[in-house]
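Geometric and topological summary
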Amino acid sequence: MAFSINPGVWPVMITPWTEDNKPDFKAIKQLCDWYVEKGCTGIFAVCQSSEMAYLTEQEKLDIARATAEAVDGRIQVVASGHTADDKATQFREIENMMKIPGIGAYVLVSNRLDQKNEGEAVFEANAQEIFDRYPEIDFGIYECPMPWKRLVSTEFLRKAGQQGRMVFLKDTCCDIQQIKEKLDICRDSNLKLYNANTSTLLESLRYGATGYSGVMANMQCDLYAWLCAHPQDEKAEELSQELTICSLIERQLYPVNAKYYLSLEGLSITTECRSKRAEDLTPTFRTEVEMLRQITKRMADKYL
């Protein structure tokens, strides 16, 4: 039976680091508790926001296990870590990740299924090989922009939906017409679409998207949770507009800035990253994050 996935907000989980550049498991527990407190219904762990391309195989597993243990069944968890080039390593990583209790689905990265951009036939063949090899596993797919973005075709989604093997799509096309086409295909399957783009989120929710899985859930999580739960509310349009403008901060040294935001929330998370330089978070960037947090508090008073 396919993993029945929760609607709502699924943050793309960041990785806190210790001073000696190792995953900070105490901070991971704090972060998971914060996600639950702020109304998330699931967590997408070991993703690009987790800096998965900079993690060892063992670190990926350790972070996923720590996340599942911290959540302890309160909300759901899916995980990726699908960064390897060769199939043997990809297979091993899938197998080891899905041995962890509490990981509901393994999220494939679309560009890993067609690394040389050879076309749809290669993509589908590689995906089908994985589906056939692991009939007991439910899968997701993520249109990850690193090392390059490969969008998923509607034809692939139609076939995958018919097989019932796909349960989670993190959509990053940022195009409402493409999103609607994907949603039309998803309606009669177990596959649920989670939009990563704020500006198209509300319209996609009203059209049938299952939720949000994007960067800003690491800062304005509870506001996104409200929007996902109340897309038809008369206040939803105004909130959507405000969230869209706030989301422009994504371009300012993420995930360093998100870690700074979470530290302001009282979490024991430093701004250290492997993918970006913490020292590049300038005083101006810090001020912007501090302003965002004050704006978020006022928005919470207004909408929640």
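First things first, this report covers the structure right here in the doc.

Analysis parameters
- Residues numbered from 1 in each chain as written.
- Predicted model: local features only at pLDDT ≥ 70, side-chain atom pairs only at ≥ 80, totals over all residues.
- Heavy atoms only, no water.
- Helix = DSSP H or I, 4+ residues; strand = E, 2+ residues; numbered from the N terminus.
- Rg over C-alpha atoms; globule rule 2.2 N^0.38 Å.
- Buried < 20%, exposed > 50% of the residue type's maximum accessible area, 1.4 Å probe, protein only.
- Contact = heavy atoms within 4.5 Å.
- Areas by Shrake-Rupley, 256 points an atom, 1.4 Å probe, with all protein chains shown as cover.
- Lys, Arg positive; Asp, Glu negative; His and termini not counted.
- Charge placed at Lys NZ, Arg CZ, Asp CG, Glu CD.
- Core = buried A, V, L, I, M, F, W, Y, C linked by side-chain atoms within 4.5 Å.
- Salt bridge = Lys/Arg side-chain N within 4 Å of Asp/Glu carboxyl O.
- Expected span 1.5 Å × (residues − 1).
- Arc of directions from axis to C-beta.
- Phe/Tyr/Trp six-rings, centres within 6.5 Å; stacked < 30°, edge-to-face > 60°.
- Lys NZ or Arg CZ within 6 Å of the ring centre and 35° of its normal.
- Axes fitted to C-alpha atoms, helices over the stretch in contact; angles between N-to-C directions.
- Parallel < 35°, antiparallel > 145°, perpendicular 65-115°, else oblique.
- Left-handed = near helix turned anticlockwise from the far one by under 90°.
- Nonpolar A, V, L, I, M, F, W, Y, C, P; charged D, E, K, R; others polar.
- Disulfide = S-S within 2.5 Å.

1. Thoughts on the overall build of the protein
Regarding its fold elements, the protein presents eleven helices and eight strands. Taken over the C-alpha trace, the protein has a radius of gyration of 18 Å; the compact-globule value for 304 residues is 19 Å, and the two agree within 12%. Expressed along its principal axes, the backbone C-alpha trace of the protein runs to roughly 50 × 50 × 35 Å. Residue burial in the protein is summarised as follows: out of 304 residues, 58% are buried. For the protein, the proportion of contacts with a sequence separation of at least 24, taken over those separated by at least 6, is 74%. Working note: accessible area of the protein is about 12,700 Å², and carbon and sulfur atoms make up 48% of it. Positive and negative charge centroids in the protein, built from 35 and 45 side chains respectively, lie 1 Å apart.

2. Digging into the nonpolar core
By size, the foremost hydrophobic cluster in this structure holds 109 residues, and its most contacted members are Phe-139 and Phe-156. Excluding residues that lie within four positions of it along the chain, Phe-139 makes contacts with Ile-94, Ala-105, Tyr-106, Leu-108, Ile-130, Phe-131, Tyr-134, Arg-165, Met-166, Val-167 and Phe-168.

3. Things to note about the pattern of salt bridges
Across all of its chains, the model carries 25 salt bridges by this definition. Arg-187 serves as the salt-bridge partner of Asp-184, at 3.5 Å between the closest nitrogen and oxygen. On the basis of relative accessibility, which here comes to 44%, the residue Arg-187 falls in the partly exposed class. One network of salt bridges, in which partners are shared, links Lys-38, Asp-222, Glu-265 and Arg-293.

4. Quick notes on helix H11 (residues 283–303)
Helical periodicity: at 3.6 residues per turn, an α-helix aligns residues three or four positions apart in one direction. Across its 21 residues, H11 extends 30 Å between first and last C-alpha, which sits within 8% of the 30 Å expected from 1.5 Å per residue. Burial in H11 covers these residues: Val-289, Leu-292, Arg-293, Thr-296, Met-299, Ala-300 and Tyr-303. The buried residues of H11 all sit within an arc of 130 degrees when viewed along its axis, so they share a single face. For H11, exposure combined with an orientation more than 90 degrees from the buried face picks out Pro-283, Thr-284, Met-291, Arg-298 and Asp-301. Tucked into the core, H11 has its buried residues touching helix H8 (221–229), helix H9 (236–246) and helix H10 (256–264).

5. Some words on the packing of aromatic side chains
The final tally for this structure, using the stated rule, is eleven aromatic pairs. Centre to centre, the rings of Phe-123 and Phe-156 are 4.9 Å apart; their planes meet at 85 degrees, and the pair counts as edge-to-face. With Phe-123 in helix H4 (residues 120–133) and Phe-156 in helix H5 (residues 154–163), the pair connects residues that are 33 residues apart, well separated along the chain. This pair shows no difference in class: Phe-123 is buried, exactly as Phe-156 is. Aromatic pair Trp-226 and Tyr-303: ring centres 6.4 Å apart, planes at 45 degrees, arrangement tilted. You can see Trp-226 sitting in helix H8 and its partner Tyr-303 sitting in helix H11, a full 77 residues away along the chain. With relative accessibility at 11%, the residue Trp-226 sits in the buried group. Ring pairing ties together the aromatic residues Trp-10, Phe-44, Tyr-142, Phe-168 and Tyr-194, which thus form one cluster. Positioned above the aromatic ring of Tyr-207 is the side chain of Arg-187, whose terminal nitrogen or guanidinium carbon lies 4.7 Å from the ring centre. Geometry around Tyr-260 places Arg-286 over its ring, the cationic atom sitting 4.7 Å from the centre.

6. Let's talk about the packing of helix H2 (residues 57–71) against helix H3 (residues 87–97)
Viewed as axis vectors pointing N to C, H2 and H3 meet at an angle of 25 degrees, and their least axial separation amounts to 10 Å. Judged on the interaxial angle alone, H3 and H2 are roughly parallel. Taken as a pair, H2 and H3 cross one another with a handedness that is right-handed. Of H3, the residues touching H2 (which contributes Glu-57, Lys-60, Leu-61 and Ala-64) are Thr-89, Arg-92, Glu-93, Asn-96 and Met-97. Within the contact of H2 with H3, the residues separate by chemical class into three nonpolar, two polar and four charged.

7. Some words on the environment of Asn-21
Mapped onto the elements, Asn-21 comes out in the loop between strand E1 (8–9) and helix H1 (25–37). Along the backbone, Asn-21 and Val-152 are 131 residues apart, and their C-alpha atoms lie at a distance of 35 Å.

8. Overview of the side chain of Gln-220
Here Gln-220 shows up in the loop between strand E8 (211–212) and H8. Classification of Gln-220 by relative accessible area gives buried; the value is 0%. Ignoring any residue separated from it by four or fewer positions in sequence, one finds Gln-220 in contact with Leu-243, Cys-246, Leu-292, Thr-296 and Met-299.

9. Some details on the state of the cysteines
Scanning the model with the defined rule gives zero disulfides in all. Free of any disulfide, Cys-47 has its nearest neighbouring cysteine sulfur in Cys-144, separated by 8.4 Å. You can call Cys-47 buried: its relative accessible area is 1%. The closest cysteine sulfur to the non-disulfide-bonded Cys-173 is located on Cys-174, 6.4 Å from its own sulfur.

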